[in-house]
Amino acid sequence: MIWTLLGVVTAIGSVGLLYAAWSKRSRSRQLILGGWFLATVSLVSWSQTSGVDKGPAKAIVAFILIVLTVLAVLAYRSPVKQRRNIEREPAQAIEVRSGLKIWAMRSYNFILLLLVSGLAAMSISTAAFMVGRAFGAEHTANLTVSMFLFPILWAIFSVVTGYASRPLVKSAVLCALALVPALLIPALQ
């Protein structure tokens, strides 16, 4: 019972911290890291309630329900704003900004957000599976943890990549996160 309560409380706390970080509209790393830390604690707490395979599934469902509840309450409390007339820019100004450099930056960010973040998440979750196997973890539980770890890591890496402002730093970090675990996997076999 204590693990279930801890899982629910930390899930609510993580949603609260992440909402506070979003509503401040400033780069508050402490709130963001605290929110994701509490979400991780919630996953661990739920895994103690129903086993490694069912616990994280319940935690994810609980987390999503809490987020949807918060969004619904905020939507009903917020008044509907009147649409304002948006003045359109002349077509010439739009053409100047839509050059090759902007297209290249958007493509670069797209590749980082989807492909490299996904490869880094896959590399880390595969390495985690191999570590679990090396330490004799039960196969189904080990596979379930790796399967839950992959999309969570991919989402975290995509959010952090979109949030970071320096393209070279985020590229180097993502490539390191993709390559280092991939190089360790043969050693774990």
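Our structure's up above, just so we're on the same page.
Residues numbered from 1 in each chain as written. Predicted model: local features only at pLDDT ≥ 70, side-chain atom pairs only at ≥ 80, totals over all residues. Heavy atoms only, no water.

A. Molecular detail of helix α5 (residues 139-163). Helix length check: α5, at 25 residues, gives a terminal C-alpha distance of 36 Å against a target of 36 Å (1.5 Å per residue), a fit within 8%. Along α5, the positions that sit buried rather than exposed are A141, N142, T144, S146, L153, F157, S158 and T161. Looking at where α5 begins, the residue whose side-chain oxygen comes 3.3 Å from the main-chain nitrogen of T140 is E138. (Helix = DSSP H or I, 4+ residues; strand = E, 2+ residues; numbered from the N terminus. Expected span 1.5 Å × (residues − 1). Buried < 20%, exposed > 50% of the residue type's maximum accessible area, 1.4 Å probe, protein only. Polar contact = N/O pair within 3.5 Å; in protein donor to acceptor, adjacent residues only side chain to side chain.)

B. Region of interest: the packing of helix α4 (residues 100-134) against α5. Axis separation between α4 and α5 bottoms out at 8 Å; the angle between their running directions is 150 degrees. With respect to each other, α4 and α5 are oriented roughly antiparallel. Note on packing geometry: the crossing formed by α4 with α5 is right-handed. (Axes fitted to C-alpha atoms, helices over the stretch in contact; angles between N-to-C directions. Parallel < 35°, antiparallel > 145°, perpendicular 65-115°, else oblique. Left-handed = near helix turned anticlockwise from the far one by under 90°.)

C. Quick look at the nonpolar core. L112, V116, A120, A121, L153, F157, L174 and A178 form the largest nonpolar core, which has 8 residues in total. At the level of elements, α4, α5 and α6 (167-188) are the ones that each hand at least two residues to this core. When residues of this core are assigned to their parent elements, the largest contribution, 4 residues, is made by α4. Those residues within four positions of A120 in sequence are excluded, and the remaining contacts are F157, L174, L177 and A178. Counting residues in each nonpolar core, the second largest holds 5 residues, with A11, V15, F63 and I66 among its members. (Core = buried A, V, L, I, M, F, W, Y, C linked by side-chain atoms within 4.5 Å. Contact = heavy atoms within 4.5 Å.)

D. Representation of the side chain of S45 within the structure. With respect to the helices, strands and loops of the structure, S45 is situated in helix α2 (residues 29-77). Apart from the residues lying within four places of it in its own chain, the contact partners of S45 are W3, L6 and G7.

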